[in-house]
Protein chains: 2
Amino acid sequence: MIRLPDTNDPAPYVARRRRLAALLGGRPALVAAGLPRPRNYRANVYPYRASSHFLYLTGASLPGAFVLVDGDHATIYAEPAAPDHALWHGPTPGADAVEAATGCPVRPLAELPAAIGERPTATLPPPDTATAEVLMAYVGHPLAVDPPFPTDEVLFDAMIALRLVHDPAAQSELRRAAAATAAAHRAGMRATTAGAREWVVRAAMEAEIVGRGMSHAYNPIVTVHGEVLHNDVHHHTLGDGDLLLADVGAETGGGWAADVTRTWPVTGRFSTTQREIYGVVLEAQRAAIAAVRPGARYRDVHLAACHALAAGLVALGILRGDVAELVEDDVHALFFPHGIGHLLGLDVHDMEDLGDRAGYAPGRARSDRFGLRYLRLDRDLSPGMAVTIEPGFYQVPALLEDPERLRAAGDRLDRARLAQFADVRGIRIEDDVLVRDDGAEVLTEAVPKAPDEVEAAVGMR
Amino acid sequence: MIRLPDTNDPAPYVARRRRLAALLGGRPALVAAGLPRPRNYRANVYPYRASSHFLYLTGASLPGAFVLVDGDHATIYAEPAAPDHALWHGPTPGADAVEAATGCPVRPLAELPAAIGERPTATLPPPDTATAEVLMAYVGHPLAVDPPFPTDEVLFDAMIALRLVHDPAAQSELRRAAAATAAAHRAGMRATTAGAREWVVRAAMEAEIVGRGMSHAYNPIVTVHGEVLHNDVHHHTLGDGDLLLADVGAETGGGWAADVTRTWPVTGRFSTTQREIYGVVLEAQRAAIAAVRPGARYRDVHLAACHALAAGLVALGILRGDVAELVEDDVHALFFPHGIGHLLGLDVHDMEDLGDRAGYAPGRARSDRFGLRYLRLDRDLSPGMAVTIEPGFYQVPALLEDPERLRAAGDRLDRARLAQFADVRGIRIEDDVLVRDDGAEVLTEAVPKAPDEVEAAVGMR
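The rules we used
- Residues numbered from 1 in each chain as written.
- Chains lettered and ligands numbered in written order.
- Predicted model: local features only at pLDDT ≥ 70, side-chain atom pairs only at ≥ 80, totals over all residues.
- Heavy atoms only, no water.
- Helix = DSSP H or I, 4+ residues; strand = E, 2+ residues; numbered from the N terminus.
- Rg over C-alpha atoms; globule rule 2.2 N^0.38 Å.
- Buried < 20%, exposed > 50% of the residue type's maximum accessible area, 1.4 Å probe, protein only.
- Contact = heavy atoms within 4.5 Å.
- Areas by Shrake-Rupley, 256 points an atom, 1.4 Å probe, with all protein chains shown as cover.
- Lys, Arg positive; Asp, Glu negative; His and termini not counted.
- Charge placed at Lys NZ, Arg CZ, Asp CG, Glu CD.
- Pairing = 2+ DSSP bridges.
- Axes fitted to C-alpha atoms, helices over the stretch in contact; angles between N-to-C directions.
- Domains from an automatic or database assignment.
- Buried area = accessible area lost by both parts, 1.4 Å probe.
- Salt bridge = Lys/Arg side-chain N within 4 Å of Asp/Glu carboxyl O.
- Polar contact = N/O pair within 3.5 Å; in protein donor to acceptor, adjacent residues only side chain to side chain.
- Least-squares fit on C-alpha atoms with pLDDT ≥ 70 in both.
- Phe/Tyr/Trp six-rings, centres within 6.5 Å; stacked < 30°, edge-to-face > 60°.
- Lys NZ or Arg CZ within 6 Å of the ring centre and 35° of its normal.
- Parallel < 35°, antiparallel > 145°, perpendicular 65-115°, else oblique.
- Left-handed = near helix turned anticlockwise from the far one by under 90°.
- Core = buried A, V, L, I, M, F, W, Y, C linked by side-chain atoms within 4.5 Å.

## Some details on the overall build of chain A
Consideration 1: On a plain count of helices and strands, chain A comes out with 17 helices and 17 strands.
Consideration 2: Taking 461 residues into account, the globule formula puts the C-alpha radius of gyration at 23 Å, and chain A, at 24 Å, falls close to it.
Consideration 3: Along the first, second and third principal axes, the C-alpha atoms of chain A reach 70 × 50 × 40 Å.
Consideration 4: Expressed as a percentage of its 461 residues, the buried residues of chain A come to 59%.
Consideration 5: Look at the contacts in chain A between residues 6 or more apart in sequence, and 75% of them connect residues 24 or more apart.
Consideration 6: Carbon and sulfur atoms form 53% of the exposed surface of chain A, whose accessible area is close to 16,700 Å².
Consideration 7: For chain A, the distance from the average position of its 45 positive side-chain charges to the average position of its 61 negative side-chain charges is 2 Å.

Structure, rendered in structure tokens:
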């Protein structure tokens, strides 16, 4: 379960730890990797994944380890291997190998309490309490802080400042994740055949990711019921007239994510109505990507997509009225209830463990408006930030039957016209975008997207 | 994340709950399904897997639910869906659907404390403390027991008595897992090519499992370094003269496991030395399977394999001396340090959450002997039990350099002769076996195993 960085260059990790130390003004900070989580019993664990903060600072997957950033010095503290470890798990990379890969010396975990002493120490906890408890029990005392892992706003804000802007090493990992994800989507399109189950397509996509030594960044959505936003079942049969929505992204060995959605026709041919709605969603995505540039407020990127979507639905006769008013009244959100995207990095929703503190700039908070409530990000964009752009169109029964939403729409919704688009249950088009000095770079442009291109990729037609 | 049994027949679950109630003499018992475990942040969870005890009694995957077996009555208590659940997760199977599939009425979790009242209640905890804490916080008081989830030996023994002997529904699930696993191993052999990485073979195997709507029962081992018993990395390149060891098993949607290992030559041709050792391991497996019958003690099955292995190594000139003495002195364990197998069922090491209480019959305990220390099972076999039979031969540096092990071997180990078998780092051959009235049935016999058969399956040669 130990994994060291693929490259033999510790420089990016050294630099990140130095920048963190500078932001902390010399206060020590302790960041936990976390322990494997049991699946059905203690020895049968889920694939180990170190915490993103630990990965950011070391590049290494070291179960149960901590990194202590202490002024100019950083040290990894790791549990020594059990006596019969070598029998079951083979030779473990020694302290030398870990130091060479991370640029950080390694000491036994038992030495950590003495290294901290009585100094107040900022801590970033592992992602679950059980892990924290086990580690605390091992270390033997509450690490000079009480309760053991309090929130520490200075450390949180320092990690956010660092991780918001991706350095060249991070960008390179994001590109690797994007390339594997592109291969997965092409494989999924190729494997699509009417009559098969959704899980056959999922398997074909997963094989491309696993076959590159990577894993899923999140549980894949591969479904003919795209109107269920977080659909996590894959047992439906692909019907002739169905659209298949696949939201699948790879995660590199170092933990960096991609997050891509495509929607394609099972037969390899969009119906006229499917092609019309697909075009509207694609135009909304184009408008949002065009709005991505340094200084742009992400909520305005969201609203650019909302306007384009509303305009498209007016042109199709599904909505009526003034486009700006439709968006102000959240009528468009009847079909596009979620946000245009989120931060992307080591987490697919980057730093969501820190809550809206990461996604929302100081002084900004989530809106109560239905059409803005689910927006995970509202910062001004700057070069080096990575975000997703993922507009959609869904016919969600829970919304189309919601009296409050229908009241907001009033006679601006033409249900008779909408009924003609019954073969569109859900379409989402999602790419990963890197903010650059001169605008936006789509990291995932190798994934087929234009309708003709998508049709050609399905079943290799 | 909710999954109901594939069949529409609740009878097996009703019968299991009735048998449990009878064994408990009317005392109430509470069994937790457990909650999803976070991967990197709270909303990004590992694929949900309900606890095996809950799956056994209900067949259903219901995050956060409990089943209360209370005399003649059983009730599932589940958290009601959040208000915006339908938007993100679609329509949830209603109480009616869960009741039809499980034969068990469903009530809101908030009603659970009142249903228990002040009665002492046996509990089976979810597999991690974090889950227990979250559930306890929801229920609001410590469920009439203190500490919240103590061990309860009567309930543990009742579950063990039930789960040791597989009813027809359980056997049918084990057969489904075995069939998917056979397809995975054939695909892995077919995908093997010198120069590829191990993860390419892993991906091909996984695609067969995922493509049937199943998952891994445990983290797959696919490695040219079979001498590392629990190897969990897959980045090595397949070399021309290498053997590839794959320990991969499927888990059905209902949670039932298969556990199969095969070892095959990367080129599709065993070398003479590889074929010789493979034959010895195969003969050890044959001897162990022949020893499986009702009434047989599992430790004797283990010892049958040890004797056959020692005899084979003597015949090859790697070991010298009397076979019985070699086994008594654990000289064979230099090459076969682990146990011949374990219980198989809903867990790949079935009921290992209950410790050796499940694997060891009352009055029996683990031996201190090196050659018996890692044996996970020592019960008398009875019809309906499922076990693995998995002998191996490994050249583990940590053992071959261990002074204590070398002292035990003395001049009975011919290191010069052993050196001629340097192209055999690790071989394991593992099948799943069901104990029947008249002996043993190999559930996984569809996986290629005879050397010629294996060679033919590699790269479709």
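## Quick word on the sheet that holds strand S13 (residues 386-389) of chain A
All names here are of chain A.
Consideration 1: Spatial ordering of the open sheet is given by S13-S16-S17, a layout of three strands whose pairing is antiparallel. On the outer flanks of this sheet lie S13 and strand S17 (439-442), each paired with one strand and no other. Adjacent strand axes in the sheet meet at a mean angle of 40°, parallel and antiparallel pairs treated alike.
Consideration 2: Two strands pair when backbone bridges link them, and S13 and strand S16 (residues 431-436) are joined in this way by four bridges, in the antiparallel orientation. Counterpart to Thr388 in the pairing with S16 is Asp432.

## Quick notes on the domain arrangement of chain A
All names here are of chain A.
Consideration 1: Along its sequence, chain A is organised into domain 1 (11-164) and domain 2 (168-457).
Consideration 2: Put simply, the middle of domain 1 and the middle of domain 2, counted by C-alpha atoms, are 35 Å apart.
Consideration 3: Across the contact, 15 residues belong to domain 1 and 18 residues belong to domain 2.
Consideration 4: Between domain 1 and domain 2 lies a buried interface of about 1,400 Å² when both sides are counted; carbon and sulfur atoms form 58% of it.
Consideration 5: Across the contact surface, domain 1 and domain 2 share five salt bridges.
Consideration 6: Between Arg163 and Asp350 there is a salt bridge whose closest N-O contact spans 2.8 Å.
Consideration 7: Seen at the junction of domain 1 and domain 2, the total is eight residue pairs in polar contact (both at pLDDT 80 or more).
Consideration 8: Counting only elements with at least two residues in the side of domain 1 that touches domain 2, the list comes to helix H1 (11-24), helix H2 (52-58) and helix H7 (153-164).
Consideration 9: Broken down by element, the residue count for the side of domain 1 that touches domain 2 peaks at seven residues, all from H7.

## A word on the interface of chain A and chain B
Consideration 1: Opposite the 62 residues of chain A that make contact, chain B presents 62 residues.
Consideration 2: For the pair chain A and chain B, the summed buried surface comes to about 5,000 Å²; carbon and sulfur atoms form 56% of the total.
Consideration 3: Across the chain A-chain B interface, the total number found is two salt bridges.
Consideration 4: The partner of A:Glu251 in a salt bridge is B:Arg39, and the shortest N-O contact between them spans 2.9 Å.
Consideration 5: Where chain A packs against chain B, one counts 18 residue pairs in polar contact (both at pLDDT 80 or more).
Consideration 6: Those elements that provide at least two residues to the side of chain A that touches chain B are strand S2 (38-41), strand S3 (44-45), helix H3 (85-89), helix H6 (129-139), helix H9 (198-210), strand S8 (215-216) and helix H14 (397-400) of chain A.

## Overview of the sheet that holds strand S12 (residues 260-265) of chain A
Residues and elements named next belong to chain A.
Consideration 1: Taken in spatial order, the three strands of this open sheet run S9-S10-S12, and their pairing is antiparallel. Where the open sheet ends on each side, the last strands, each with one partner, are strand S9 (221-223) and S12. Direction aside, neighbouring strands of the sheet carry axes that sit 10° apart on average.
Consideration 2: As judged from the three bridges shared by S9 and strand S10 (residues 243-248), these two strands associate in the antiparallel manner. If you follow Val222 over to S10, its bridge partner there is Ala246.

## Some remarks on the relation of the copies chain A and chain B
Consideration 1: Superposition of chain A onto chain B requires a rotation of 180° combined with a translation of 0.0 Å along the rotation axis, giving an RMSD of 0.0 Å. Interpreted geometrically, this transformation is the action of a two-fold axis.
Consideration 2: A high fraction, 100%, of the interface residues of chain A reappear at the interface in chain B, so the copies pair face to face through one surface.

## Brief notes about the packing of aromatic side chains
Residue and element names in this part refer to chain A.
Consideration 1: The final tally for this structure, using the stated rule, is nine aromatic pairs over all chains.
Consideration 2: Each ring, one from Tyr56 and one from Trp256, has its centre 6.4 Å from the other, and the planes form 55°; the classification is tilted. Placement of Tyr56 in helix H2 and of Trp256 in the loop between strand S11 (250-251) and S12 is noted, with a sequence separation of 200 residues between them.
Consideration 3: Since its relative accessible area comes to 1%, Tyr56 is described here as buried.
Consideration 4: When the ring centre of Tyr56 is taken as origin, the NZ or CZ atom of Arg16, which lies over that ring, is 4.3 Å away.

## Quick notes on the pattern of salt bridges
Consideration 1: Within this structure, the stated rule accounts for 62 salt bridges over all chains.
Consideration 2: Between B:Glu455 and B:Arg269 there is a salt bridge, and its shortest N-O distance comes to 2.7 Å. Remark: B:Arg269 occurs in the loop between strand S12 (260-265) and helix H10 (272-291) and B:Glu455 occurs in helix H17 (residues 451-457); sequence separation between them is 186 residues.
Consideration 3: The salt bridge involving B:Arg369 is made with B:Asp330; its shortest N-O contact spans 2.8 Å. With B:Arg369 in the loop between helix H13 (356-359) and strand S13 (386-389) and B:Asp330 in the loop between helix H12 (323-328) and H13, the pair connects residues that are 39 residues apart, well separated along the chain.
Consideration 4: Judged by relative accessible area, which is 30%, B:Arg369 ranks as partly exposed.
Consideration 5: What makes B:Asp330 buried here is its relative accessible area of 6%.
Consideration 6: It is possible to trace a salt-bridge network through shared partners that takes in A:Arg269, A:Arg275, A:Asp452 and A:Glu455.

## Points about the packing of helix H1 (residues 11-24) of chain B against helix H7 (residues 153-164) of chain B
Residues and elements named next belong to chain B.
Consideration 1: At a closest axis distance of 10 Å, the pairing of H1 and H7 adopts a crossing angle of 140°. The angle between H1 and H7 falls in the class oblique. By crossing handedness, the relation of H1 to H7 is classed as right-handed. Together, Arg16, Arg19, Leu20, Leu23 and Leu24 of H1 and Val154, Leu155, Ala158, Met159, Ala161 and Leu162 of H7 make up the contact between the two elements.

## Thoughts on the nonpolar core
Consideration 1: Core analysis: the biggest nonpolar cluster contains 136 residues, and B:Ile277, B:Phe335 and B:Ile389 have the highest contact counts within it.
Consideration 2: Broken down by element, the residue count for this core peaks at 10 residues, all from H10(B).
Consideration 3: Apart from the residues lying within four places of it in its own chain, the contact partners of B:Ile277 are B:Leu313, B:Leu316, B:Ile318, B:Phe393, B:Phe421, B:Val424 and B:Ile427.
Consideration 4: Ranked by size, the runner-up nonpolar core spans 134 residues in total, among them A:Ala21, A:Ala33, A:Ala305 and A:Ile389.

## A short note on the side chain of B:Thr75
All names here are of chain B.
Consideration 1: Within the element layout of this structure, Thr75 appears in strand S5 (residues 73-78).
Consideration 2: For Thr75, a relative accessible area of 14% translates into the label buried.
Consideration 3: For Thr75, the contacting residues outside a window of four places in its chain are Phe66, Val67, Leu68, Cys104, Pro105 and Arg107.

## Quick word on the environment of B:Val154
Residue and element names in this part refer to chain B.
Consideration 1: By the element assignment, Val154 lies in helix H7.
Consideration 2: The class for Val154 is partly exposed, based on a relative accessible area of 42%.
Consideration 3: With 127 residues separating them along the chain, Val154 and Arg27 place their C-alpha atoms 10.0 Å apart.

## A word on the pairing of strand S1 (residues 29-32) of chain A
Residue and element names in this part refer to chain A.
Consideration 1: Residues of S1 alternate between two faces, with Ala29 and Val31 on one and Leu30 and Ala32 on the opposite face, all of them buried.
Consideration 2: With four bridges connecting them, S1 and strand S4 (residues 66-70) associate as antiparallel partners. Pairing of Leu30 across the sheet is with Leu68, part of S4.
Consideration 3: By the bridge criterion, three bridges tie S1 to strand S7 (residues 122-124) in an arrangement that is parallel. Residue Leu30 lies in a different strand from S7, and its bridge partner there is Thr123.

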